[in-house]
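# Architecture and fold: a report
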Amino acid sequence: MAILSKDEAQAILKKVLGFSKSDECQASLNGRTTGNVRYARNSVSTAGATDNVSLAVEARFGKRAGIATCNEFDDATLRRCVQRAEEIARLAPEDPEYMPLLGPQQYLTPTAYAASTAAISPDFRAQAAGDSIALCTAKNLTAAGYLEDGTYFQALRNNKGLEAYQQSTNVDFSITVRTPDGTGSGYATADYTDAAKFNAKNLTQIAADKAAGSRNARALEPGKYTVILEPAALASDEGLLNNLMYSLGAREADEGRSFLSKKGGGNRKGEKLFDERVSIYSDPLNAEVPSGVFDGEGLPVKRMAWIEKGKVSNLYTSRYWAQKTGQQPTAFPGNWIMEGGTQSVQDLIKGTAKGILVTRLWYIRDVDPQTLLYTGLTRDGTFYIENGQIKFPVKNFRFNESPVIMLNNLEAIGRPVRIGGNLVPPLKIRDFTFTSLSDAV
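Residues numbered from 1 in each chain as written. Predicted model: local features only at pLDDT ≥ 70, side-chain atom pairs only at ≥ 80, totals over all residues. Heavy atoms only, no water.

### A look at the domain arrangement of the chain
To be explicit about the condition: Residue ranges for the domains originate in an automatic or database domain assignment. The criterion used for residue contact is that any of the two residues' heavy atoms lie within 4.5 Å. A quick way to say it: buried area is the sum, across both parts, of accessible area lost when two parts are put together, with a 1.4 Å probe. Here a salt bridge means any side-chain nitrogen of Lys or Arg lying within 4 Å of a carboxyl oxygen belonging to Asp or Glu. N or O atoms within 3.5 Å of each other form a polar contact, as long as, within protein, one can give a hydrogen and the other can take it, and as long as residues adjacent in sequence are counted only when both atoms are side-chain atoms. Each helix is a run of DSSP H or I of at least 4 residues and each strand a run of E of at least 2, with the numbering of both proceeding from the N terminus. Residues are grouped as follows: Ala, Val, Leu, Ile, Met, Phe, Trp, Tyr, Cys and Pro are nonpolar; Asp, Glu, Lys and Arg are charged; every other residue, Gly included, is polar.
Along its sequence, the chain is carved into domain 1 (6-210) and domain 2 (218-241 + 340-437). Of the residues lining the interface, 11 residues belong to domain 1; the matching set on domain 2 comes to 13 residues. Broken down residue by residue, the surface that domain 1 buries against domain 2 is led by Tyr187, Asp191 and Lys210, which jointly contribute 63%. At the junction of domain 1 with domain 2, the criterion picks out 2 salt bridges. The salt bridge involving Asp191 is made with Arg418; its shortest N-O contact spans 2.6 Å. The interface formed by domain 1 and domain 2 holds 9 residue pairs in polar contact (both at pLDDT 80 or more) in total. If you tally residues by element for the side of domain 1 that touches domain 2, the top one is strand β6 (residues 185-192), at 6 residues. In the side of domain 1 that touches domain 2, the residues fall into 2 nonpolar, 6 polar and 3 charged.

### Quick notes on the UniProt feature "domain: Metalloprotease TldD/E central" (unreviewed entry) in the chain
Our working definition: UniProt positions are given in the numbering used here, feature names are shortened, and annotations may be inferred rather than shown by experiment.
The UniProt entry lists residues 148-212 under the feature "domain: Metalloprotease TldD/E central" (unreviewed entry), expressed in the numbering used here. Note that residues 148-212 is 20% helix and 54% strand, and that its end C-alpha atoms are spaced 26 Å apart.

### Topic: the pairing of strand β4 (residues 142-158)
Using the following cut-off: Relative accessibility decides the category of a residue: with a 1.4 Å probe and only protein chains considered, values under 20% of the type maximum give buried, values over 50% give exposed, and everything between is partly exposed. In short, DSSP must find at least two bridges between two strands for them to pair.
Here β4 lies mainly inside the structure; 12 of its 17 residues are buried. In the sheet, strand β1 (residues 24-40) pairs with β4 via 14 bridges, with the strands oriented antiparallel. Across the sheet, Leu29 pairs through a bridge with Ala155, a residue of β4. Two elements, β4 and strand β5 (residues 163-178), share 16 bridges in a ladder whose sense is antiparallel. In the strand pairing of β5, Gly145 is matched with Ile175. Linking β4 to β5, which pair antiparallel, is a turn of 4 residues; within it Gly161 sits at a positive phi near 105°.

### Brief notes about the packing of aromatic side chains
Here is the rule: Note on aromatic contacts: the rings of Phe and Tyr and the six-membered ring of Trp form a pair at centre separations within 6.5 Å, being stacked when their planes are under 30 degrees apart, edge-to-face when over 60 apart, and tilted otherwise. Here, a charge over a ring means that NZ of Lys or CZ of Arg falls within 6 Å of the ring centre while also lying within 35 degrees of the ring normal.
Enumeration over the complete set of coordinates arrives at 16 aromatic pairs. Relative to Phe294, the ring of Tyr107 lies with its centre 5.3 Å away and its plane at 50°, an arrangement referred to as tilted. Here Phe294 lies in the loop between β8 (280-282) and β9 (304-308) and Tyr107 lies in the loop between α2 (75-91) and α3 (115-118), a separation of 187 residues in the sequence. Of the residues examined, Tyr107 reaches a relative accessible area of 22% and is grouped as partly exposed. Residue Phe294 is classed as buried on the basis of its relative accessible area, which comes to 4%. Both rings, one in Phe173 and one in Phe198, keep their centres 5.3 Å apart while their planes meet at 55°; by these two values the pair is tilted. On the criterion of sequence distance, the pair formed by Phe173 in strand β5 and Phe198 in the loop between β6 and α5 (200-213) is long-range, its members being 25 residues apart. Look at Phe173 and you get buried, because its relative accessible area is 1%. The class of Phe198 is buried, set by a relative accessible area of 10%. Every member of this aromatic cluster is reached through a ring pair, and the members are Tyr225, Phe397, Phe399, Phe432 and Phe434. It is Arg360 that lies over the ring of Tyr187; its NZ or CZ is 3.7 Å from the centre.

### Topic: the nonpolar core
Using the following cut-off: Definition of nonpolar core: a set of buried residues of the types Ala, Val, Leu, Ile, Met, Phe, Trp, Tyr and Cys, connected through side-chain atoms within 4.5 Å.
Ranked by internal contacts, the top residues of the largest apolar core, which has 52 residues, are Leu241, Phe274, Met406 and Leu427. Ignoring sequence-local partners within four residues, the contact set of Phe274 consists of Leu244, Phe259, Ile307, Gly310, Val312, Val404, Leu407 and Asn408.

### Some words on the sheet that holds β5
Here is the rule we go by: Axis lines are fitted through C-alpha atoms, for helices just across the contact stretch, and the angle between N-to-C directions can take any value from 0 to 180 degrees.
Taken together, 6 strands build an open sheet; the order of strands is β3-β2-β1-β4-β5-β6 and the sheet is antiparallel. With partners counted over all chains shown, the strands left at the sheet margins are β3 (64-70) and β6, one partner each. Strand-to-strand twist across the sheet, computed as the mean angle between neighbouring axes with direction ignored, equals 15°. Bridge count between β5 and β6: 8 bridges; the pairing is antiparallel. Looking at the pairing, Phe173 lines up with Ala190 of β6. Helix α1 (residues 6-19) rests against β1, β2 (43-61), β4 and β5 of the sheet, and its axis sits at about 55° to β4. Contacting β2 and β3, α2 runs over the sheet at an angle of about 150° to β3.

Written out as structure tokens, the structure is:
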């Protein structure tokens with residue numbers, strides 16, 4: 001019963017609320033059906049699937065709240081789950097940042113579901129892994145990859161009249177390819193709402209070419225270089241732009257804990273902090289990266305500009321902080337989209353006299369949250385560019401850089417592609433700071 005329809009989910013939630021004796025009660029159902037295949041050293045190592053629905057009940061008495069969960073849905077279990085939430089609420093301390101539950105809301109019609117992805121079978125996954133492995137075996141390269149697909153739903157209901165439901169699908173693939181001698185490594189990743197757009201061979205070919213081309217890397221002196229950062233270096237789990245987007249919190253800024261904090265108090269909303277070509281927004285109905293139309297509290301997610309022509313136009317603001325500061329709350333978005341141009345990575349390379357191409361970054365750690373300074377390493381394909389061509393692979397670097405400085409040193413913005421559920425262009429940056437070398441590939 002992992003993927004419930006709107007009517008099925010709301011029927012359960014309505015029953016749950018009927019068991020409640022608390023002042024306020026909100027119940028949520030989350031379900032997923034997922035499948036995966038993993039391979040390494042050109043051989044499948046694991047394959048699996050999950051199928052689960054869970055219920056969370058939040059009961060409130062005044063400013064005291066308790067939460068209980070279950071994943072069985074007979075009347076006795078549901079009643080006990082509600083009772084447990086109420087017992088916890090009575091014992092809990094009052095919440096100094098209490099906000100009442102939301103009433104009825106108006107939501108956009110979600111578009112993040114694709115039947116092709118929901119229909120993925122073990123045969124589909126096996127074929128993708130087989131195609132990837134076969135390509136690398138033929139080239140005497142070694143592949144390690146992971147493919148996961150899923151169908152998801154989320155439903156909310158409370159005793160204030162709120163009712164919400166949405167479905168989504170996603171397929172996510174990543175692959176690392178190594179040379180037999182271990183001196184070359186390449187990487188590619190992609191994700192889609194619609195599995196019809198997924199091609200394991202094409203992505204494996206990209207990683208294989210990088211691996212073969214990165215053998216016997218040469219050492220360059222650390223320093224400031226013009227770099228071309230591929231989207232995977234910007235918006236993967238450890239991407240620099242991801243870190244920037246997660247740092248746009250109003251409260252952190254107002255409390256002096258952020259690069260957006262203003263001396264003397266307040267925040268820098270409305271100030272121009274980046275190159276005027278930088279514009280980033282969220283849109284749950286974007287055709288390439290559709291996302292959820294409500295957040296965990298039930299706040300509607302709508303199109304929202306965060307940075308417009310270099311100016312910070314909005315900050316993430318919780319309901320509590322919005323009430324305290326007299327602002328409007330903003331739902332946390334499910335995607336972000338950076339506007340770009342039409343140039344591919346290859347086009348950016350052709351226009352570069354001297355520079356370094358960076359496939360991806362990893363092991364990124366905070367250095368200074370108030371300047372958004374990070375340190376980390378390049379990996380899986382780092383190349384020296386001269387006169388518009390890749391000349392040779394180079395050893396990986398440690399970098400120390402802030403995305404704030406980086407987005408003020410823009411030389412060119414390429415064509416956005418989907419990475420990690422976001423739309424991100426490759427960027428050409430001048431004076432990117434490399435501080436030392438790394439022998440890892």
